[in-house]
Amino acid sequence: MKPLKRQLDRLKPHFEPGGKWEKLHSVFDGFYTFLYTPNETSKSGVHIHDSNDSKRTMITVVLALLPCMLFGMYNIGFQHNLACGITDAGFFNTFIYGLLRALPQIAVVYAVGLGIEFVAAQMRGHEIQEGFLVSGILIPMICPINTPLWMLAVAVAFSVIFAKEVFGGTGYNIFNVALITRAFLFFAYPAKMTGDRVFVSLGGDSAVDGFSGATPLGQIASSLTPEHVTLTNSVGDPLSMLDCFWGFIPGSWGETSTFCILLGALILLFTGMASWRIILSGILGALFMGWIANAAASPLYPATYLSPLDQLCLGGFAFAIVFMATDPVTACRTNTGKYIYGFFTGVIAVIIRCYNNGYPEGAMMAVLLMNAFASLIDWCVVRVNVNRRMRRIMN
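These numbers were taken from a predicted model, which means no experiment stands behind them.

### Considering the overall build of the protein chain
Part 1: Looking only at helices and strands, the protein chain has 15 helices and 2 strands in total.
Part 2: Here the protein chain holds 395 residues, and the buried ones make up 48% of them.
Part 3: Taking contacts inside the protein chain between residues at least 6 apart in sequence as the whole, the part at least 24 apart equals 69%.
Part 4: As presented, the protein chain carries roughly 19500 Å² of accessible surface, and 66% of it is formed by carbon and sulfur atoms.

Okay, here's the thing in C-alpha cells:
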C-alpha cells in the first residue's frame, strides 16, 4: 500500500488549485481520503481535536449492519429453497444464492448514489463526504429483493438529489435518505412494495419461475379472523414468534432478523454512534401504543390483535428504530428532545400499522414524520430551558 500512497502523493499537486487537473480536485480528494487518513489538521477555529471523523463513524455503522446484511443474504436463499421445495441445498449454496441476488442491488445503489454525490461535490468545489457509505447499504436492505434495478436507480437518484443535495449535502438533509428512497418506491411503484415478496428461481428440475408469499404483517392485515390467525411461511407451514425473532420469514431482506438487529444495536451503543435515549424511548413508545391497541382490539383493525412484543419483532420497526431513527443528522440533538422524538416514533409506527389496513407497516412513515418535527422539538426544548433560566435570573 505504501507504493500506492507515494504515487498518489506525487499526483496530488496536479489536482490542487492551479494544477492542470484542478477541476477534478473533489474526485481525487474523495478517493484519497477514502483510502488514507489525511495528515493535515485544522489550523484555526477548532477547540477540540478528536481522532473520530465522519469516515470512521460511517464505517462503524456499516460494521453494525453486517450481521443483518449477512443473515439477510442467507434468508434470501432460504426463502428461495423453501418456495422451490429444495431441502438439501446446504448452508454455503444457500448463502451464495442470496449473495448473488443482493449484490446487483448494492452495486446499482452505490453507482447511482455515489455518482451523483461526486458530480455535486465537483460542481460546488466541496469535499466528497462519506455519508452515502451507510445509505448505500441501508437502501437495498429495506427493499424487496425482487425490486427491479432500474426502479431502484430512479428512486436513489430522486432521494439523493431532492432529499440531500438540494439541502446542501451530507449533514444538512432533514429527511433520512434511505427512507425517502423507500417512500418514493412505495408511492411510485406500489405493486412492487406491498406486503408480498417474490423470490425468483434461477432454474432447476424442481424450480418455479417465481413465488409470491405474504409477510406476517401482510397476513395479519388481510385476515378475516385476526384473533385466531396463525402466521405461516411462504409454503403455508406455521411460524412461531421464535422464527420471527431469528428472521426466517419473508420480507425486505435486511430487516427480518430482530436478533441481528440487536447485535447491531449493541455495536452502535458500545461505540457511542447511536443514541440509547432514542432507541429506548422508541421501544417504550411502541410497547405503550401496542398495549393500548391490543386492549381495544377490533376485527376491523386486524393488527390490533398483535401483542406489544409482537409489534417489536414483526416488520421493520426494530430495524428502523436502531438504524434509521438514530441518524444523528435527521434526529433531535437535545437529550430531552431525543426522548420525545423516539417515543412518538414508536407510537406513530404502531398507530399506522394497526389502523391503516392498506399499509401493514408504519415504521418508515413514523421516522420520516418525526424527521420533519425534530428541529421543532429541539427548538421547543431549548426555549423551555432558556425561559426557565430567565425566570431563575429574574427571581
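Having put the structure on the table, let's press on.
### Section: the environment of I351
Part 1: Inspection of the secondary structure puts I351 in helix α14 (residues 335-355).
Part 2: If near-sequence neighbours (up to four positions away) are discounted, I351 is found in contact with M289 and N356.

### Let's talk about the pattern of salt bridges
Part 1: Scanning all chains against the criterion turns up 2 salt bridges.
Part 2: For E117, the salt bridge is made with K164, and the minimal N-O distance between the two is 2.4 Å. Within this pair, whereas E117 is found in helix α4 (residues 91-124), its partner K164 is found in the loop between α6 (149-163) and α7 (177-188), the two being separated by 47 residues in sequence.
Part 3: For E117, a relative accessible area of 5% corresponds to the buried category.
Part 4: Its salt-bridge partner being R353, residue E361 comes within 2.9 Å of it at the nearest N-O pair.

### Some words on α7
Part 1: The end-to-end C-alpha distance of α7 is 16 Å, a good match for the 16 Å that 12 residues give at a rise of 1.5 Å each.
Part 2: Summarising burial for α7: 10 of the 12 residues are buried, a large majority.
Part 3: Taken together, the buried positions of α7 are V177, A178, L179, I180, T181, R182, A183, F184, L185 and F186.

### Some details on the side chain of T147
Part 1: Here T147 is to be found in the loop between α5 (132-141) and α6.
Part 2: Among the polar contacts made by the side chain of T147, one reaches the main-chain carbonyl oxygen of P144 at a distance of 2.8 Å.
Part 3: Excluding anything up to four places from it in sequence, T147 contacts Q105, L152, L185 and M193.

### Things to note about the environment of G342
Part 1: With respect to the element layout, G342 can be found in helix α14.
Part 2: The class for G342 is buried, based on a relative accessible area of 0%.
Part 3: With near-sequence residues (within four places) excluded, G342 lies in contact with I278, S281, G282 and I321.

### As for the nonpolar core
Part 1: In terms of nonpolar packing, the biggest core is built from 91 residues, with L65, W253, F319, F323, M324 and Y341 touching the most fellow members.
Part 2: Other than its neighbours up to four places away in sequence, F323 contacts A64, L65, C68, L138, I261, G264 and L268.

### Quick look at a positive patch on the surface
Part 1: On the surface, a cluster of positive charge is contributed by R388, R389, R391 and R392.
Part 2: The residue R392 is located in helix α15 (residues 363-394) in this model.
Part 3: Using a relative accessible area of 59% as the deciding quantity, one classes R392 as exposed.

### A look at the packing of helix α11 (residues 276-295) against helix α13 (residues 317-324)
Part 1: For the pair α11 and α13, the least separation of the axes is 9 Å and the interaxial angle reads 155°. The angle between α11 and α13 falls in the class roughly antiparallel. At the point where α11 passes α13, the crossing takes the right-handed sense. Residues I278, I279, G282, I283 and A286 of α11 form the contact with α13, whose participating residues are F317, I321 and V322.

### Some words on the confidence of the model for the protein chain
Part 1: Looking at the protein chain, pLDDT values average 84 and 82% of them are 70 or higher.
Part 2: Confidence scores differ between elements of the protein chain, with strand β1 (residues 196-198) showing the lowest mean pLDDT of 45 and α11 the highest of 96.
Part 3: Scored below 50 in pLDDT, residues 195-209 makes 43 contacts in the model with residues more than four places away or belonging to other chains.

### Side note on the packing of aromatic side chains
Part 1: Overall, the coordinates contain 18 aromatic pairs when judged by the stated rule.
Part 2: Plain terms: the ring middles of Y110 and F132 are 6.1 Å apart, the flat faces sit at 75° to each other, and that makes the pair edge-to-face. With Y110 in helix α4 and F132 in helix α5, this residue pair connects regions lying 22 residues apart in the sequence. Of the two residues examined, Y110 and F132, each falls in the buried class.
Part 3: Among the aromatic side chains, those forming a connected cluster through ring pairs are F71, Y74, F78, F91 and F248.

### Side note on the side chain of T345
Part 1: Following the sequence through the fold, T345 ends up in helix α14.
Part 2: With a relative accessible area of 1%, T345 lands in the buried category.
Part 3: Setting aside anything within four residues of it in sequence, one finds T345 in contact with I321, A366, V367 and M370.

### Section: a nonpolar patch on the surface
Part 1: A cluster of nonpolar side chains, contributed by F158, I161, F162, V166, F167, Y172 and I174, occupies part of the molecular surface with about 660 Å² of accessible area.
Part 2: Its location among the elements puts V166 in the loop between α6 and α7.

Criteria and thresholds
Residues numbered from 1 in each chain as written. Predicted model: local features only at pLDDT ≥ 70, side-chain atom pairs only at ≥ 80, totals over all residues. Heavy atoms only, no water. Helix = DSSP H or I, 4+ residues; strand = E, 2+ residues; numbered from the N terminus. Buried < 20%, exposed > 50% of the residue type's maximum accessible area, 1.4 Å probe, protein only. Contact = heavy atoms within 4.5 Å. Areas by Shrake-Rupley, 256 points an atom, 1.4 Å probe, with all protein chains shown as cover. Salt bridge = Lys/Arg side-chain N within 4 Å of Asp/Glu carboxyl O. Expected span 1.5 Å × (residues − 1). Polar contact = N/O pair within 3.5 Å; in protein donor to acceptor, adjacent residues only side chain to side chain. Core = buried A, V, L, I, M, F, W, Y, C linked by side-chain atoms within 4.5 Å. Patch = residues over 30% accessible without salt bridge, like charges linked within 9 Å, V, L, I, M, F, W, Y side chains within 5 Å. Lys, Arg positive; Asp, Glu negative; His and termini not counted. Charge placed at Lys NZ, Arg CZ, Asp CG, Glu CD. Axes fitted to C-alpha atoms, helices over the stretch in contact; angles between N-to-C directions. Parallel < 35°, antiparallel > 145°, perpendicular 65-115°, else oblique. Left-handed = near helix turned anticlockwise from the far one by under 90°. pLDDT = per-residue confidence, 0-100. Phe/Tyr/Trp six-rings, centres within 6.5 Å; stacked < 30°, edge-to-face > 60°.

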